[in-house]
Amino acid sequence: MAELVYRPVIGAALTLFKALDLKIDVQGSENIPRQGGAVLVSNHIGYLDFVFAGLAARPQKRLVRFMAKESVFRHKVSGPLMRAMKHIPVDRAQGEAAYRHALDALRSGEVIGVFPEATISQSFTLKGFKSGAARLAQEAGVPLVPVALWGTQRLWTKGRPRNLKRSHIPVTIRVGQPVEAPADQYAGAITRRLRERVQELLETAQRAYPVRTKDAADSWWIPAHLGGTAPSPAELREAQ
């Protein structure tokens, strides 16, 4: 079936990124299978993460169907687009329907995108992973593909204004080798292994990132353990 909406949306996004003069550095796209189902698993640091994680699959000519919170599908602008691109709404109170939808898509050869932290990390460090991605991969018999994004938080993230002006912001994307999800293994063990791989990729992306700053006022997007002024995970827990 022709993708009447998804591919034009990708084209519009690329045009916008060119106008913003974003410096997008993608490595490892060859780790995404050209055919068959796969679960793409990414860290989550900004509202545009699904766009950039999806771009990582573009060299392999794959379209990623992301699992996203149901409220996005109710928005008058994003809702029709999300449905037309065949993304999957997730009602956190009744997640079983979304799980079955994603499982059917995987079995039909689709690539499903998952953010296993569930919410944006305001410390920009990796939070704990939920096991849903591993369980999907196990039940569908498909690999997990780890992805790390860095720099997307500078464009638009939780608690900060959008920065969609011509600001030449770099975005670094790293895709790792697939993680197998054998059906006879404990999903929690697979999830821990997957998180370790994403953490490794995240550190690789951070080391490759071309921007360094010593200006405290402009270091809000840098984690505390890297010398920035983003709140630490402990500070965020205390504030809850």
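## Focus: the side chain of Asn-31
Here is step 1 of the chain: With respect to the element layout, Asn-31 can be found in the loop between strand 1 (23-27) and strand 2 (38-42).
Here is step 2 of the chain: One polar contact links the side chain of Asn-31 to the main-chain carbonyl oxygen of Gly-176, over a distance of 3.5 Å.
Here is step 3 of the chain: With residues up to four places along the chain from it excluded, the contact list for Asn-31 reads Val-145, Val-175, Gly-176, Gln-177 and Pro-178.

## Some words on a positive patch on the surface
Here is step 1 of the chain: Together, Lys-69, Arg-92, Lys-130 and Lys-158 give the surface a local cluster of positive charge.
Here is step 2 of the chain: Tracing the backbone through its elements, the reader meets Lys-130 in the loop between strand 5 (111-114) and helix 6 (132-140).
Here is step 3 of the chain: Lys-130 gets classed as exposed once you look at its relative accessible area, which sits at 55%.

## So, the packing of helix 6 against helix 7 (residues 187-208)
Here is step 1 of the chain: Here helix 6 crosses helix 7 at 115°, and the two axes come no closer than 8 Å. Two packed elements cross with a definite hand, and for helix 6 against helix 7 that hand is right-handed. In contact with Ala-134, Arg-135 and Gln-138 of helix 6, helix 7 contributes Ala-187, Ile-190 and Thr-191.
Here is step 2 of the chain: Looking at side-chain class alone, the contact of helix 6 with helix 7 contains 3 nonpolar, 2 polar and 1 charged residues.

## Focus: the pairing of strand 3 (residues 64-69)
Here is step 1 of the chain: Of all 6 residues that make up strand 3, 5 are buried, and the element is covered over most of its length.
Here is step 2 of the chain: Bridging between strand 3 and strand 5 involves 3 bridges; their strand directions are parallel. Bridging from a neighbouring strand, Arg-65 pairs with Ile-112 of strand 5.
Here is step 3 of the chain: Where strand 3 meets strand 4 (residues 88-90), 3 bridges bridge the pair, whose relative direction is parallel.

## Digging into the packing of aromatic side chains
Here is step 1 of the chain: Applying the stated rule across the entire model yields 6 aromatic pairs.
Here is step 2 of the chain: With 4.8 Å between their ring centres and 10° between their planes, Phe-17 and Phe-52 make a pair best called stacked. Taken as a pair, Phe-17 in helix 1 (residues 6-19) and Phe-52 in helix 2 (residues 49-55) lie far apart in primary sequence, 35 residues in all. We note that Phe-17, like Phe-52, is buried.
Here is step 3 of the chain: Counting every residue linked through ring pairs, the aromatic cluster contains Phe-50, Phe-66 and Phe-115.

Criteria and thresholds
Residues numbered from 1 in each chain as written. Predicted model: local features only at pLDDT ≥ 70, side-chain atom pairs only at ≥ 80, totals over all residues. Heavy atoms only, no water. Helix = DSSP H or I, 4+ residues; strand = E, 2+ residues; numbered from the N terminus. Polar contact = N/O pair within 3.5 Å; in protein donor to acceptor, adjacent residues only side chain to side chain. Contact = heavy atoms within 4.5 Å. Patch = residues over 30% accessible without salt bridge, like charges linked within 9 Å, V, L, I, M, F, W, Y side chains within 5 Å. Areas by Shrake-Rupley, 256 points an atom, 1.4 Å probe, with all protein chains shown as cover. Salt bridge = Lys/Arg side-chain N within 4 Å of Asp/Glu carboxyl O. Lys, Arg positive; Asp, Glu negative; His and termini not counted. Charge placed at Lys NZ, Arg CZ, Asp CG, Glu CD. Buried < 20%, exposed > 50% of the residue type's maximum accessible area, 1.4 Å probe, protein only. Axes fitted to C-alpha atoms, helices over the stretch in contact; angles between N-to-C directions. Left-handed = near helix turned anticlockwise from the far one by under 90°. Nonpolar A, V, L, I, M, F, W, Y, C, P; charged D, E, K, R; others polar. Pairing = 2+ DSSP bridges. Phe/Tyr/Trp six-rings, centres within 6.5 Å; stacked < 30°, edge-to-face > 60°.

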